[in-house]
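Listed below are the residues making up each chain.
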Amino acid sequence: MSVRELVCGYAGVPVTAGVSFEVGAGEAVVLRGANGAGKSTVLRTAVGQQAPVSGDRWLKGGPVVENSLVYRRAVSCLFDEDAFLPGVSVGHHLELVLRGHGVADAPVVAAAAVAEFGLQDRVDVSPFALSSGQRRRALLAAALIRPFELLVLDEPEQRLDAMMRSRLADRLVAARQAGAGLLIATHDASLAATVGTTVLTIDSDDALAPVVPAPQREGRS
Ligand SMILES: Nc1ncnc2c1ncn2[C@@H]1O[C@H](COP(=O)(O)OP(=O)(O)OP(=O)(O)O)[C@@H](O)[C@H]1O
């Protein structure tokens, strides 16, 4: 994915200046910045969930079209939302995601994810009967077990305990090393340092100056 001079905002009113970055295979671009700086807005605009004020977004050589087959195959997104089907258990949610993406052995892969994300005791219950941290684990599991070329996560550390944050960081590094591109907004400095190959800071104090300065390479490949 690449974005070029992407000005993001609401009803035509910018909340960021022009933002430019590229996320290639095996790269992890991490957005950091204070509350309200515009991280979520940039992510949602980059992936086509909202229109830019101006600028361009490209995915695999074409403009970003959120409902296109190319997009749905390539991009796995998780924002701050609880999206579950009523009456479907945690385990069956994961199986449905896998089957929807044509993954063989969906029950086996789902069971492995349930164990990895520490949901063994809750696999047969509705997601609505989970704690908020357990719901976040289930949503992250669903986003991570489906095939993707680009993974987009908005504050994935939210509501996770220390053990699960560490496990998540390991999983994200593994995804990057396997060749996926990652685009992540986070307040977790450790997650940013561990996972990011490029860290961009959005500066809310200078909202219409260059809010995303030149990429700071953090010494990872
Ligand atoms: N639906 C909306 N309509 C108008 N303005 C909005 C809307 N959503 C967010 N904003 C504003 O856009 C600005 C950027 O918000 P955004 O949620 O992108 O920030 P953020 O960096 O992700 O913050 P946080 O770290 O708190 O999640 C804020 O000033 C916010 O109040």
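What comes next is a walk through the structure. Computed from a prediction, not measured in an experiment: that's the story for all the values here.

When helices and strands are counted, the protein shows seven helices and 12 strands. Against the 2.2 N^0.38 benchmark of 17 Å for 221 residues, the protein shows a C-alpha radius of gyration of 17 Å, consistent with a compact globule. In terms of principal-axis extent, the alpha carbons of the protein reach across some 50 × 35 × 35 Å. Counting only contacts in the protein whose residues sit at least 6 apart along the sequence, the fraction spanning at least 24 positions is 64%. Looking at the protein as shown, the accessible area adds up to about 10,000 Å², and 52% of this sits on carbon and sulfur atoms. Distance between charge centroids for the protein: 3 Å, based on 21 positive and 24 negative side chains.

Our next topic: the nonpolar core. When a protein is soluble and globular, its nonpolar side chains tend to lie buried together. If you look at the biggest cluster of nonpolar residues, it comprises 36 residues, and the most contacted ones within it are L94, L151, L172, L182 and V195. Tallying contributions element by element places helix α5 (residues 132-145) first for this core, with eight residues. Every residue in contact with L151, bar those within four places of it in the chain, is listed here: S76, A143, L144, L172, G181, L182 and L183.

The phi dihedral of K60 falls on the positive side, at around 50°, and the residue is not glycine. Looking at where K60 falls in the secondary structure, it is placed in the loop between β6 (54-59) and β7 (62-63).

The next subject is the site of the ligand. The immediate surroundings of the ligand are formed by Y10, V15, A34, N35, G36, A37, G38, K39, S40, T41, E155 and H187. E155 places a side-chain nitrogen or oxygen 2.9 Å from an oxygen atom of the ligand. Surface burial for the ligand is 57%, taken as the share of its 630 Å² of free accessible area covered by protein chains. The dominant element in the shell around the ligand, judged by the number of residues it contributes, is helix α1 (residues 39-46), at three residues. Classifying every residue of the shell around the ligand by side-chain character gives four nonpolar, six polar and two charged.

Helix length check: α5, at 14 residues, gives a terminal C-alpha distance of 20 Å against a target of 20 Å (1.5 Å per residue), a fit within 8%. Of the positions making up α5, those classed as buried are G133, R135, R136, R137, A138, L139, L140, A141, A142, A143, L144 and I145. Contact partners of the buried residues in α5: β8 (75-78), α3 (90-100), α4 (106-116), β9 (150-154) and α6 (162-177).

On to the environment of A193, then. Looking at the secondary structure, you find A193 in helix α7 (residues 189-195). For the pair formed by A193 and P52, sequence separation is 141 residues and the distance between their alpha carbons is 29 Å.

Overall, antiparallel pairing links the four strands, which are arranged β4-β1-β6-β7 in an open sheet. Either end of the sheet is taken by a strand with one partner, and the two such strands are β4 (19-22) and β7. Inspection of the sheet shows strand β1 (residues 2-7) paired to β6 by four bridges, in the antiparallel sense. Bridge pairing links V7 to S54 in β6.

The rules behind the values
Residues numbered from 1 in each chain as written. Predicted model: local features only at pLDDT ≥ 70, side-chain atom pairs only at ≥ 80, totals over all residues. Heavy atoms only, no water. Helix = DSSP H or I, 4+ residues; strand = E, 2+ residues; numbered from the N terminus. Rg over C-alpha atoms; globule rule 2.2 N^0.38 Å. Contact = heavy atoms within 4.5 Å. Areas by Shrake-Rupley, 256 points an atom, 1.4 Å probe, with all protein chains shown as cover. Lys, Arg positive; Asp, Glu negative; His and termini not counted. Charge placed at Lys NZ, Arg CZ, Asp CG, Glu CD. Core = buried A, V, L, I, M, F, W, Y, C linked by side-chain atoms within 4.5 Å. Buried < 20%, exposed > 50% of the residue type's maximum accessible area, 1.4 Å probe, protein only. Near = heavy atom within 4 Å. Polar contact = N/O pair within 3.5 Å; in protein donor to acceptor, adjacent residues only side chain to side chain. Nonpolar A, V, L, I, M, F, W, Y, C, P; charged D, E, K, R; others polar. Expected span 1.5 Å × (residues − 1). Pairing = 2+ DSSP bridges.

From the geometry alone we can't say anything about function, so treat these as descriptive.
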